[in-house]
Amino acid sequence: MADTEKKWYVLRAVSGKEAKVKEYIDAQLRLNEKLAERVFEVLLPMEKHATVRKDGKRVVKEKLSLPGYVLVQANMTADVASTLRFMPNVLGFLGGMSEPTPVRQADINRLLGNVEDTELVEVQNIPYMVGETVQVTDGPFSGFHGIIEEVNTEKHKLKVMVMIFGRQNPLELSFMQVAKEE
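Residues numbered from 1 in each chain as written. Predicted model: local features only at pLDDT ≥ 70, side-chain atom pairs only at ≥ 80, totals over all residues. Heavy atoms only, no water.

Applicable threshold: UniProt positions are given in the numbering used here, feature names are shortened, and annotations may be inferred rather than shown by experiment.
With an unreviewed UniProt entry as reference, the protein chain is termed Transcription termination/antitermination protein NusG, source organism Prevotella scopos JCM 17725. Entered under Function (unreviewed entry) in the UniProt record, the comment concerning the protein chain runs "Participates in transcription elongation, termination and antitermination." Under the UniProt heading Sequence similarities (unreviewed entry), the note attached to the protein chain is "Belongs to the NusG family."

### Considerations on the packing of aromatic side chains
Condition: When the centres of two rings from Phe, Tyr and Trp lie within 6.5 Å, Trp using its six-membered ring, the rings pair. Their planes under 30 degrees apart give stacked, over 60 give edge-to-face, and anything left gives tilted. Where helices and strands are cited, they refer to DSSP runs of H or I of at least four residues and of E of at least two residues respectively, numbered from the N terminus. Using a 1.4 Å probe on the protein chains alone, a residue whose accessible area is under 20% of its type maximum counts as buried, one over 50% counts as exposed, and one in between counts as partly exposed. Think of it as a cone above the ring: NZ of Lys or CZ of Arg counts as a charge over the ring if it is within 6 Å of the ring centre and within 35 degrees of the ring normal.
Scanning the model with the defined rule gives 3 aromatic pairs in all. Ring geometry for Tyr9 versus Phe93: centroids 6.5 Å apart, planes at 80°, classification edge-to-face. Residue Tyr9 is located in strand S1 (residues 6-13), and its partner Phe93 is located in strand S6 (residues 90-93); the two are separated by 84 residues in the primary sequence. Like Tyr9, the residue Phe93 is buried in the burial classification. For the pair Phe141 and Phe144, a centre-to-centre distance of 5.9 Å together with 70° between the ring planes defines the contact as edge-to-face. Against the face of Phe40 rests Lys6, its NZ or CZ located 4.8 Å from the ring centre.

### Details of the side chain of Glu18
Definition in use: Note on charges: Lys and Arg go in the positive column, Asp and Glu in the negative column, and His and the chain ends are not counted at all. Each salt bridge in this description consists of a side-chain nitrogen of Lys or Arg and a carboxyl oxygen of Asp or Glu lying within 4 Å of one another. Contact definition: two residues touch when any of their heavy atoms are within 4.5 Å.
You can see Glu18 is positioned in helix H1 (residues 18-31). No salt bridge is formed by the buried Glu18; the nearest opposite charge belongs to Lys17, separated by 9.1 Å. Those residues within four positions of Glu18 in sequence are excluded, and the remaining contacts are Ala13, Leu44, Leu64, Pro67, Gly68, Tyr69 and Val70.

### A few points about the UniProt feature "domain: KOW" (unreviewed entry) in the protein chain
In the UniProt entry, the feature "domain: KOW" (unreviewed entry) is given for residues 127-154. Measuring from the first to the last C-alpha atom of residues 127-154 gives 13 Å, for a span that is 0% helix and 43% strand.

### A word on the side chain of Ser174
Counting through the fold element by element, Ser174 comes out in strand S10 (residues 167-174). Those residues in contact with Ser174 that lie beyond four places of it in its chain are His156 and Lys157.

### Some words on the sheet that holds strand S9 (residues 157-164)
Stated precisely, the cut-off is as follows: Strands were regarded as paired on the criterion that DSSP finds at least two bridges between them. Axis definition: a line fit to C-alpha positions, over the contact stretch in the case of helices; interaxial angles, taken between N-to-C directions, run 0 to 180 degrees.
The strand order S10-S9-S8-S7-S11 describes an open sheet built from 5 strands, whose pairing is antiparallel. A single partner strand is all that each edge strand has here, and the edge strands are S10 and strand S11 (178-180). This sheet shows a mean twist of 40° between the axes of neighbouring strands, independent of strand direction.

In structure tokens:
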């Protein structure tokens, strides 16, 4: 473990205690200078969920997107790994107990909502165009045919006009929910 690069690692934590694990690590970073030199960031990947209460108000709450896991950016050495592994409520590292395996930066970016430039290049190859006929392959309207009215490349969504009960109806579908007709 002579690796001295900044890399991301995943700590497995007792479910429901992820925030406590982050709190323990942050407290140790304030107390232990050697650990603070090696551990740079501790994150809990969160996502927002919107719900509507009985009184009609919309409430947005943040929930863990990966329950049971804590992301740690560090220059991993044997003593850092040991310190992190034996924190309260930590079950160990993802990828092995003796030598933690780093997670690819692209995977971390995807979890945190950052998209790399290389992935943007792939997105530019848009498989659908306005005016094309497609068949819905997934969801409640599976089997219906329609014509693409609008293509949203950022969200990977299509607006497709589908004939339902003798009327044209717009459906918003993801690229994965349709197939081109030939």
